[in-house]
Amino acid sequence: EYLQSVGNEPFALWLSFYEPHSPFYFPVEYRGLFRAEDITLPETAEEDVPQIPLVFRDLTERERRGIAAAYYTSIAYLDKSIAIALDALEGAGHWDDTVVVYLPDHGYLTGRHGRFEKHCFYEDSVKTGMILRAPGMLPAGERVRALTESMDIVPTLCALLGLEPPAGIQGKSLVPLPKNSRSTVHDEVFS
């Protein structure tokens, strides 16, 4: 309804999804989509064992697989929720004039290093992907592996919308990246 009400006026819409955060709250009809017995977990190295949080140390193999299955089910629910939002965008006639940014706030270990959370600085818990869609402004289907940071979102959106970024902002626009796959934005990133 909101998308229909804005007509052709410029607007911003921010959607935030809880999933896939623990505890996982996907609908009951998603239960069983991924099953513990079908999940293969990575091996835990001996050097990781002393650093495994106590809450995860005594989990059975089935419980560990169950956590991963719930996580993957939660992601399936998130995917469906995003699809509903994108379908509404298209249905309201804003598919070709809307910039879409998908940015998760963290990774998740799903059994790597014997852990099932985000509360450490292993790469899998801090590295995230980002999806940026800007029809007519960025090439579709490009995959970029450059080092970027969340603080790059504001200057990127400013560049896409033809706005001057706020003074003193530390991020850099990602707009040039898809045009030249060898481009870099940062030599290193910090978390």
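Below you will find a few notes about this structure. As the structure is a prediction and not an experimental result, all values here were calculated from the model. (Residues numbered from 1 in each chain as written. Predicted model: local features only at pLDDT ≥ 70, side-chain atom pairs only at ≥ 80, totals over all residues. Heavy atoms only, no water.)

### Quick look at the overall build of the chain
Here's step 1: Scanning the chain from N- to C-terminus turns up 5 helices and 2 strands.
Here's step 2: Put simply, the chain runs from its N terminus to its C terminus through helices and strands in the order α-α-α-β-α-β-α.
Here's step 3: Out of the 191 residues in the chain, the part that is buried amounts to 30%.
Here's step 4: Long-range pairs, those at least 24 residues apart, make up 64% of the contacts in the chain between residues at least 6 apart in sequence.
Here's step 5: As displayed, the chain has an accessible area near 13000 Å², and 54% of this comes from carbon and sulfur atoms.
Here's step 6: Each charge sign in the chain was given a centre, from 17 positive and 28 negative side chains, and these centres are 4 Å apart. (Helix = DSSP H or I, 4+ residues; strand = E, 2+ residues; numbered from the N terminus. Buried < 20%, exposed > 50% of the residue type's maximum accessible area, 1.4 Å probe, protein only. Contact = heavy atoms within 4.5 Å. Areas by Shrake-Rupley, 256 points an atom, 1.4 Å probe, with all protein chains shown as cover. Lys, Arg positive; Asp, Glu negative; His and termini not counted. Charge placed at Lys NZ, Arg CZ, Asp CG, Glu CD.)

### Some details on a negative patch on the surface
Here's step 1: Together, Asp87, Glu90, Asp96 and Asp97 give the surface a local cluster of negative charge.
Here's step 2: Relative to the assigned elements, Asp96 resides in the loop between α3 (61-91) and β1 (100-102). (Patch = residues over 30% accessible without salt bridge, like charges linked within 9 Å, V, L, I, M, F, W, Y side chains within 5 Å. Salt bridge = Lys/Arg side-chain N within 4 Å of Asp/Glu carboxyl O.)

### Quick notes on the nonpolar core
Here's step 1: Ranked by size, the top nonpolar core spans 11 residues in total: Phe24, Ile39, Leu41, Ile52, Phe56, Ala68, Ala69, Ala70, Tyr71, Tyr108 and Phe116.
Here's step 2: At 4 residues, the largest contribution of residues to this core is made by α3.
Here's step 3: Setting aside anything within four residues of it in sequence, one finds Ala69 in contact with Phe34, Arg35, Ala36 and Ile39. (Core = buried A, V, L, I, M, F, W, Y, C linked by side-chain atoms within 4.5 Å.)

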